[in-house]
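Each chain is listed here by its residues.
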Amino acid sequence: MPFSSYIGGNTRRGGGAGTTWAQSLLPSSTAKSKIPPRRSRRRTALINFLFTNFFTIALSISLIFLLITILHFGVPKPLSSPFKSRPKPTFRLPKPRKTIPRKPQNDNDNKDAVFGAVVDITTTGLYDKIEFLDVDGGPWKQGWRVSYRGNEWDTEKLKVFVVPHSHNDPGWKLTVDEYYERQSRHILDTIVETLSKDVRRKFIWEEMSYLERWWRDAAANKRELFTSLVKNGQLEIVGGGWVMNDEANSHYFAIIEQIAEGNMWLNDTIGFVPKNSWAIDPFGYSATMAYLLRRMGFENMLIQRTHYEVKKELALKKNLEYAWRQSWDAEETTDIFVHMMPFYSYDIPHTCGPEPAICCQFDFARVHGFYYEMCPWGEHPVETTPENVRERAQKLLDQYRKKSTLYRTNTLLVPLGDDFRYISVDEAEAQFRNYQKLFDYINSSPSLNAEANLIVGFPSLSGDFFTYADRQQDYWSGYYVSRPFFKAVDRVLEETLRATEMMMALLLGYCQRAQCEKLATGFGYKLTAARRNLALFQHHDGVTGTAKDHVVRDYGIRMHTSLQDLQIFMSKATEVLLGIRHEKSDHNPSQFEPEQVRSKYDVQPVHKAINAHEGTWQSVILFNSLEQTREEVVMVIVNRLDVAVLDSNWTCVQSQVSPELEHDRNKIFTGRHRVHWKASVPAWGCKHIILPMVLPDVKKPYQLN
Ligand SMILES: [Zn+2]
């Protein structure tokens with residue numbers, strides 16, 4: 001509930017005593033006038049007819065409605081799972097190797113179903129069951145030695161989808177602008193150039209913060225190429241959020257804002273609506289995120305950083321793909337299909353199969369001449385040639401087959417990328433060239449040529465994936481509380497943004513005068529910037545506190561700048577809504593000021609004291625951005641103690657004045673006073689409070705020196 005204090009002096013009384021100009025800003029509906037009933041014989045006869053034939057009339061009306069509905073909408077179809085009705089999934093088309101029948105319901109299940117969802121797996125159940133022994137599994141350290149018989153694909157052949165990707169953090173070791181200049185802009189250039197050369201090449205992109213920036217810099221022909229790559233399916237935008245948000249610290253308001261901001265830009269600019277979410281790096285996953293994505297229309301989601309023991313347990317039962325269901329959802333309307341990656345990381349050594357020493361040999365950016373570290377397991381990638389292609393392809397296929405035994409279907413998703421990859425055309429060409437040779441060889445073998453089908457028979461799961469551990473009992477829980485100052489600034493920006501958005505809506509919707517529109521439209525780009533600065537901080541190295549100091553400073557300055565912009569707008573908008581601001585004065589500062597201000601991005605806010613002279617009065621405006629009435633005790637600081645609180649009708653409100661104290665060796669009294677009173681502010685409304693100074697008969701409640 002941000003408030004503003006009016007410190008413009010005592011020249012205006014805003015409509016004067018007894019008026020109601022400062023009440024709720026929402027348009028009010030006028031009560032319907034009561035018209036006395038006209039009595040006549042015809043009317044009485046009609047009433048009698050209606051009463052005696054009530055059921056016949058009601059049945060006839062119902063039948064007519066039913067006919068109209070069927071004619072208009074057709075015969076209704078039975079409800080079906082969201083997975084079955086997917087129009088054209090671009091992510092996976094898995095065909096089950098084996099259907100797992102739904103768990104029969106026992107008495108306990110039925111009892112639970114009254115209160116919540118019936119599910120096959122709960123994460124709390126997993127945590128109870130797992131012993132967390134951290135057993136060394138061999139080449140797949142956190143798993144086991146995976147093997148297969150060799151005849152698993154005789155009837156249903158293995159289909160592998162390799163998904164080239166590049167993970168671009170909008171701030172981590174470098175700021176978002178530094179990363180953009182040094183890496184991300186070149187990566188996007190590289191993608192456009194190399195994908196245009198061969199229609200078989202594919203790529204996915206996640207972060208709209210970088211794409212929007214690149215779009216502004218890109219020449220028209222590059223933009224067109226990018227759009228055509230999206231349209232022909234070579235380039236898929238996944239998630240479409242401004243960033244890949246954290247799921248532990250981010251408030252759902254900020255998550256919705258950041259996904260909406262990115263997706264709206266994407267739809268407006270490229271005309272694409274993602275169906276698949278891609279979250280490979282957040283440090284644990286919340287059930288709320290799955291819920292939000294489903295409600296936003298996403299159909300599939302991919303996750304990676306879950307506890308390694310949980311991965312192992314799910315992999316043992318082939319439960320790494322499931323329908324994520326909300327625990328309270330007995331109707332099963334919230335199910336979203338999830339693919340959980342099985343291994344330690346999303347880099348290439350940990351995505352082709354269970355043995356990183358082998359998979360690393362298929363990361364062709366790790367050869368001499370490129371920027372990346374060599375394979376730490378000793379064996380390095382070699383260029384694919386006609387002489388070695390058979391041996392190399394079989395080695396890679398062996399990993400794919402082993403990985404596929406962890407899933408129920410004959411289709412396999414294999415991400416191919418890492419942090420800030422595909423930075424140069426040479427690097428991208430090395431990956432695409434070698435993989436094309438390997439796949440040409442594999443595909444020329446008739447034993448690997450299958451078509452995919454629709455998904456059936458996945459387990460359902462409810463719960464979340466916190467606390468994350470990546471290896472050796474290392475738990476990622478510190479980031480829940482690290483850099484608490486900036487976590488708090490995040491929440492302040494959120495509430496201020498919410499209040500500004502509401503005020504903007506009121507300004508545009510309620511006030512039709514020219515000066516209203518001018519202020520609102522003129523502020524539009526700053527409002528967008530504020531949304532984007534808040535969105536940026538939701539990144540999994542932003543609100544989490546895991547970025548370097550100078551990156552945190554960059555986030556902090558962005559949030560501080562937007563906070564100030566929003567407060568200036570709110571102050572001016574308040575004046576317009578109260579009818580005391582005019583077009584000519586648009587460039588003048590507002591007569592209202594925010595009650596709390598920060599002088600710098602990294603300092604605590606301070607309460608501004610309302611300074612007034614004897615015989616004057618001040619206005620305080622309380623604004624409620626929520627959709628329900630708020631009743632709270634509010635406080636402002638004043639520079640003198642002989643004040644009273646009056647409502648907009650100039651009626652006295654019970655209040656308390658107390659000294660403001662501080663911890664100081666020399667003095668404890670700051671010389672200022674706190675005025676508290678109980679305020680009730682209507683939904684989406686303002687409250688006008690008047691603080692008269694020095695009433696002649698006011699009694700001084702205390703005296704401090
Ligand atoms: Zn990341």
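Treat the numbers as computed from the prediction; the structure is a model and nothing was measured. (Residues numbered from 1 in each chain as written. Predicted model: local features only at pLDDT ≥ 70, side-chain atom pairs only at ≥ 80, totals over all residues.)

**Re the sheet that holds strand S20 (residues 655-661)**
Thought 1: Read from one edge to the other, the open sheet built from four strands follows the order S15-S17-S21-S20, with strand pairing classed as mixed. Looking at the sheet topology across the chains shown, the edges are occupied by strand S15 (609-610) and S20.
Thought 2: Relative to strand S21 (residues 669-681), strand S17 (residues 630-638) runs antiparallel, the two sharing nine bridges. Note that in S21 the partner of Glu632 across the bridge is Ala679. (Pairing = 2+ DSSP bridges. Helix = DSSP H or I, 4+ residues; strand = E, 2+ residues; numbered from the N terminus.)

**Concerning the pairing of strand S8 (residues 321-324)**
Thought 1: Side-chain alternation along S8 places Glu321 and Ala323 on one buried face and Tyr322 and Trp324 on a second face that is also buried.
Thought 2: Bridge count between S8 and strand S9 (residues 336-340): four bridges; the pairing is antiparallel. Bridging from a neighbouring strand, Trp324 pairs with Ile336 of S9. (Buried ≥ 20, exposed ≤ 12 C-beta atoms within 10 Å, placed from the backbone.)

**Some details on the nonpolar core**
Thought 1: Counting residues in hydrophobic clusters, the biggest one holds 145 residues, and the most contacted among them are Met301, Ile336, Met503, Leu507, Leu622 and Leu691.
Thought 2: If we skip the residues at most four places from it in the chain, Leu691 touches Ile610, Trp617, Gln618, Val620, Val638, Val643 and Val645. (Core = buried A, V, L, I, M, F, W, Y, C linked by C-beta atoms within 7 Å. Contact = placed C-beta atoms within 7 Å.)

**Observations concerning the sheet that holds strand S2 (residues 121-122)**
Thought 1: A sheet is described by the order of its strands in space; here six strands give the open sequence S2-S11-S8-S9-S7-S6, paired in mixed fashion. The open sheet is flanked by S2 and strand S6 (276-279), the only strands paired with a single partner.
Thought 2: Where S6 meets strand S7 (residues 300-303), four bridges bridge the pair, whose relative direction is parallel. When the bridges of S7 are listed, Trp278 appears paired with Leu302.
Thought 3: Packed onto the sheet, helix H9 (residues 287-295) meets S6, S7, S8, S9 and strand S11 (460-462) and runs at close to 130° relative to S9. (Axes fitted to C-alpha atoms, helices over the stretch in contact; angles between N-to-C directions.)

**Digging into the environment of Arg674**
Thought 1: The topology assignment puts Arg674 in strand S21.
Thought 2: Ignoring sequence-local partners within four residues, the contact set of Arg674 consists of Met635, Ile637, Ser658 and Glu660.

**Things to note about the environment of Val310**
Thought 1: If you trace the backbone, Val310 turns up in helix H10 (residues 308-316).
Thought 2: Since 18 C-beta atoms lie within 10 Å of it, Val310 is described here as partly exposed.
Thought 3: Between the C-alpha atoms of Val310 and Tyr468, which are 158 residues apart in sequence, the distance is 9.5 Å.
Thought 4: In this view, Val310 contacts Leu126, Ile130 and Phe465; residues no more than four positions away in its chain are not counted.

**A closer look at the packing of helix H5 (residues 176-197) against helix H13 (residues 425-443)**
When two helices pack together, their arrangement is captured by the angle between the axes and the distance separating the axes.
Thought 1: Interhelical geometry of H5 versus H13 gives an angle of 45° and a closest axis separation of 9 Å. One element, H5, and the other, H13, form an angle in the oblique class. When the axes of H5 and H13 are compared, the crossing they make is right-handed. Between H5 and H13, the residues in contact are Thr190, Glu193 and Thr194 and Val425, Ala428, Glu429 and Phe432, respectively.
Thought 2: Split into classes, the residues belonging to the contact of H5 with H13 amount to three nonpolar, two polar and two charged. (Parallel < 35°, antiparallel > 145°, perpendicular 65-115°, else oblique. Left-handed = near helix turned anticlockwise from the far one by under 90°. Nonpolar A, V, L, I, M, F, W, Y, C, P; charged D, E, K, R; others polar.)

**Section: the confidence of the model for the protein**
Detailed reading of the predicted model is not advised wherever pLDDT is low.
Thought 1: Within the protein, residue pLDDT values average 84, and 79% of them lie at 70 or more.
Thought 2: Note that pLDDT drops below 50 for residues 1-41; the model gives that stretch 74 contacts with residues more than four away or on any other chain. (pLDDT = per-residue confidence, 0-100.)

**Quick notes on H13**
Thought 1: Here H13 is 19 residues long and its end C-alpha atoms lie 26 Å apart, about the 27 Å a rise of 1.5 Å per residue gives.
Thought 2: Residues of H13 that are buried: Glu427, Ala428, Ala430, Gln431, Phe432, Asn434 and Leu438.
Thought 3: Those residues of H13 hidden inside the fold are in contact with strand S3 (159-167), H5, helix H12 (389-404) and strand S10 (411-419). (Expected span 1.5 Å × (residues − 1).)

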